[in-house]
Structures are given as C-alpha cells and as structure tokens.
Amino acid sequence: YHAGFSTYGDARLGDRYEIRLVDSPGIEAVRPHAAVAVATAAEASGVTLELLDGTVAPTGPRRGQIDIVVARRSPCGGSWLGCGGPWIERGTISSGIIWINPRVFDRPANELANTVRHELGHTLGLAHYEYLHEDRVQSMHPTLFDASDYENGDRAGLRFVGGDRAPVTRAAHLRAVTPAPAPPTDPDGAIDEVVAGPFGIVVRGWASDADTRG
C-alpha cells in the first residue's frame with residue numbers, strides 16, 4: 001500500500017499496450033467507456049495505450065495486449081460485475097484480460113463506466129484500495145461506484161506503475177470506507193452444458209446470489 005493506491009508487487013508497465021475488444025455480445029457498449037479510461041490512464045501513466053478499432057477473435061492476449069470481453073463467467077468469484085488483472089513476468093506487466101458481466105448493462109451508465117475504468121486499473125497493475133484518499137473514494141475501491149474518474153490516488157498509482165517512482169509515500173493510518181448495504185438482488189445463474197451418458201445426465205452450470213456470503 002502507498003498513499004492513495006496499492007499495487008500488485010509494485011510491478012512496472014512496459015512502454016506500449018494495445019487494448020483490444022473481443023467479439024462478444026454487447027462489446028460495443030463498452031467501447032466509449034474504454035476510450036475515456038484508456039486516454040486518462042495513458043496520460044497519467046506516461047505509457048502508450050491504444051484502443052484498437054473493431055473487434056478480435058477470443059484467442060487471448062499476447063505480450064503488450066489487454067483484451068476486454070463481455071462474458072457471464074470469469075475467474076472472479078461472488079456476484080461480480082467486472083473482473084480483470086495483469087499477467088506479470090519478472091516484475092513487468094506483460095498482458096491482461098478484462099471480463100465485463102452483461103448484468104452491468106442494466107445498471108446506470110456511471111456504474112458501467114466505473115467498472116471498465118476499475119478493471120483497466122487492475123490490468124495496469126493497480127490493486128484494490130478500500131480507503132479514502134484526500135477525503136475521496138478512489139476508482140479502485142472494490143465495491144463503491146462513487147468515483148467519476150481516476151482520482152488523485154488512482155493517478156498517483158498509474159504514475160508509479162508507469163515508472164515515476166518519486167516521490168511516493170507509504171500509506172499510514174488507513175481508514176476504510178464502509179459501503180452502504182446493497183439492495184436485494186435476484187440470484188443469477190445459467191446452465192452451460194447438459195450431457196447424456198451411460199449412467200445418467202450430467203448438468204453443468206453456475207449460480208450466484210449476491211445477498212449471501214455462501
């Protein structure tokens with residue numbers, strides 16, 4: 001933890017990354033929010049970030065690429081709206097992936113924008129920061145959507161992972177921000193596969209209930 005941000009092992013960014021939208025239902029709704037977040041992150045970090053035109057096949061990112069895909073499944077557990085993270089090789093961020101849950105399309109536009117911005121921050125090396133900085137909630141807060149842009153703490157973190165390491169101070173006397181209780185939500189889920197075999201039928205799927213910790 002530093003003052004206003006935290007990182008994944010203080011990993012550094014490379015010089016340039018291509019941000020690619022993966023062909024998936026609803027992906028074009030993500031583009032305008034990604035364009036704003038990418039431009040701001042590039043300005044703050046000093047790293048070249050280019051949002052490519054069009055979409056790409058879901059082949060997975062290579063070095064110097066960050067993919068954004070709309071999907072109902074991701075490595076993140078719980079009732080997630082966005083999921084993302086970097087691939088780090090010897091202290092340098094090589095690539096990254098962002099998953100956007102289509103459920104966020106039914107929420108206010110600021111929540112979609114915040115989700116895209118938050119997950120881009122993860123792929124660029126910023127971890128969650130659940131504390132106030134300069135009396136403001138940061139975009140990297142794990143549950144709140146109060147930030148309308150990368151705040152000063154987020155920007156300090158982007159400068160840090162971009163290579164500007166001075167002056168940086170360690171966080172002290174952190175005061176956590178407690179989110180208000182979320183309104184009740186209906187459980188979500190899907191059946192992904194039904195296979196008939198010699199011993200019966202196997203059904204595979206998933207379910208998530210945001211109102212429980214189970």
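Refer to the structure presented above.
Residues numbered from 1 in each chain as written. Predicted model: local features only at pLDDT ≥ 70, side-chain atom pairs only at ≥ 80, totals over all residues. Heavy atoms only, no water.

Participant: I would appreciate a short explanation of the pairing of strand E9 (residues 200–208) in the present structure.
Facilitator: As a general feature of sheets, a regular strand has side chains that alternate between the two faces. Pairing geometry for strand E8 (residues 188–197) and E9, over 9 bridges, is antiparallel. By the bridge assignment for E9, Val194 is matched with Val203. Linking two consecutive strands that pair antiparallel, namely E8 and E9, is a turn of 2 residues. (Pairing = 2+ DSSP bridges. Helix = DSSP H or I, 4+ residues; strand = E, 2+ residues; numbered from the N terminus.)

Participant: Sorry if this is basic, but what is going on with the packing of aromatic side chains here?
Facilitator: For any pair of aromatic rings, the description rests on two quantities: the centre-to-centre distance and the angle between the ring planes. Taken as a whole and judged by the stated rule, the model has 4 aromatic pairs. With a centroid separation of 5.9 Å and 50 degrees between ring planes, the pair formed by Tyr1 and Tyr129 is classed as tilted. In this pair, Tyr1 is assigned in the segment before strand E1 (16–21) and Tyr129 in the loop between helix H2 (109–123) and strand E6 (132–133), connecting sequence segments 128 residues apart. By relative accessible area, Tyr1 is classed as partly exposed at 41%. Their ring planes at 70 degrees and their centres at 5.7 Å tell us that Tyr1 and Tyr131 sit as a pair that is edge-to-face. Of the two residues, Tyr1 sits in the segment before E1 while Tyr131 sits in the loop between H2 and E6, which places them 130 residues apart along the sequence. One aromatic cluster is present, formed by Tyr1, Tyr129 and Tyr131 through successive ring pairs. (Phe/Tyr/Trp six-rings, centres within 6.5 Å; stacked < 30°, edge-to-face > 60°. Buried < 20%, exposed > 50% of the residue type's maximum accessible area, 1.4 Å probe, protein only.)

Participant: Teacher, can you tell me more about the pattern of salt bridges here?
Facilitator: Between side chains of opposite charge, pairing is possible as soon as their charged atoms come close. The full count for this structure, using the stated rule, is 13 salt bridges. Salt-bridge contacts for Glu28 lead to Arg31; the nearest nitrogen and oxygen are separated by 2.8 Å. A relative accessible area of 43% places Glu28 in the partly exposed class. The salt bridge partner of Glu151 is Arg136, with a shortest N-O separation of 2.9 Å. Of the two residues, Glu151 is situated in the loop between strand E7 (136–137) and helix H3 (152–161) and Arg136 in strand E7; the sequence distance between them amounts to 15 residues. Several salt bridges converge on common partners, so that one network encompasses Arg16, Glu18 and Glu50. (Salt bridge = Lys/Arg side-chain N within 4 Å of Asp/Glu carboxyl O.)

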